[in-house]
Amino acid sequence: MSGWVFLVAVVALVVFCVALGIYAHASPLLKRGVRHSAVCVDVGQVAGGSMILLEYTPVGSPARRYTVGPFVFPPVRVGGRIDVIYDPKRPQEVSLPDRLPRGTRGLVVTSVVSGAVLAACVLRIVLAVQG
């Protein structure tokens, strides 16, 4: 029985960490992100498809580059333009608009539920070891 509890704890930990990571990346971009046009400067092939290298210039900052992919069909060719969203406080934090969640409520709920399941599993394991 404790093997199942341990397995559920590991799964809950992974879900919690992934949800927290997505929330930490997406939340500032959703709250204060600035939509900006980027130019594709390179398209490269990888095992999973194509990666694109984008260059954008945040207001008041030097030009930055952002690699995104893989894509089965790249959404832009070299020299083409595509929108990105960047955080004006941290211009290196950038994403394509369609790769951001619509909101963070689901991520918060997922974090809370998986955190509660993880806490219950850890408590169950601790009680089983003590008794």
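Higher on the page you've got the structure.
Computed from a predicted structure; not experimentally measured.

Draft legend 1. Up close: a nonpolar patch on the surface. The grouping of Phe-6, Val-10, Val-14, Val-18 and Ile-22 at the surface amounts to a nonpolar patch, some 430 Å² of accessible area in total. Inspection of the secondary structure puts Ile-22 in helix 1 (residues 2–32).

Draft legend 2. Expanded view of the side chain of Asp-87. Counting through the fold element by element, Asp-87 comes out in strand 4 (residues 81–87). A relative accessible area of 2% places Asp-87 in the buried class. Side-chain polar atoms of Asp-87 contact the side chain of Arg-32, separated by 2.7 Å.

Draft legend 3. Examining the nonpolar core more closely. Ranked by size, the top nonpolar core spans 14 residues in total, and within it Ile-52, Leu-54, Tyr-56, Val-68, Val-84 and Leu-96 carry the most contacts. For this core, the secondary structure elements donating two or more residues are strand 1 (34–46), strand 2 (49–56), strand 3 (64–71) and strand 4. The residues contacting Val-68, other than those within four sequence positions of it, are Ser-50, Met-51, Ile-52, Leu-54, Leu-96 and Arg-99. Within the second largest apolar cluster, five residues are counted, among which are Ala-9, Ala-12, Leu-118 and Cys-121.

Draft legend 4. Fine view of the pattern of salt bridges. The tally for this structure, following the rule as stated, stands at four salt bridges. With a shortest N-O distance of 2.7 Å, Arg-32 and Asp-87 are connected by a salt bridge. Residue Arg-32 is found in helix 1, and its partner Asp-87 is found in strand 4; the two are separated by 55 residues along the sequence.

The rules behind these values
Residues numbered from 1 in each chain as written. Predicted model: local features only at pLDDT ≥ 70, side-chain atom pairs only at ≥ 80, totals over all residues. Heavy atoms only, no water. Patch = residues over 30% accessible without salt bridge, like charges linked within 9 Å, V, L, I, M, F, W, Y side chains within 5 Å. Areas by Shrake-Rupley, 256 points an atom, 1.4 Å probe, with all protein chains shown as cover. Salt bridge = Lys/Arg side-chain N within 4 Å of Asp/Glu carboxyl O. Helix = DSSP H or I, 4+ residues; strand = E, 2+ residues; numbered from the N terminus. Buried < 20%, exposed > 50% of the residue type's maximum accessible area, 1.4 Å probe, protein only. Polar contact = N/O pair within 3.5 Å; in protein donor to acceptor, adjacent residues only side chain to side chain. Core = buried A, V, L, I, M, F, W, Y, C linked by side-chain atoms within 4.5 Å. Contact = heavy atoms within 4.5 Å.

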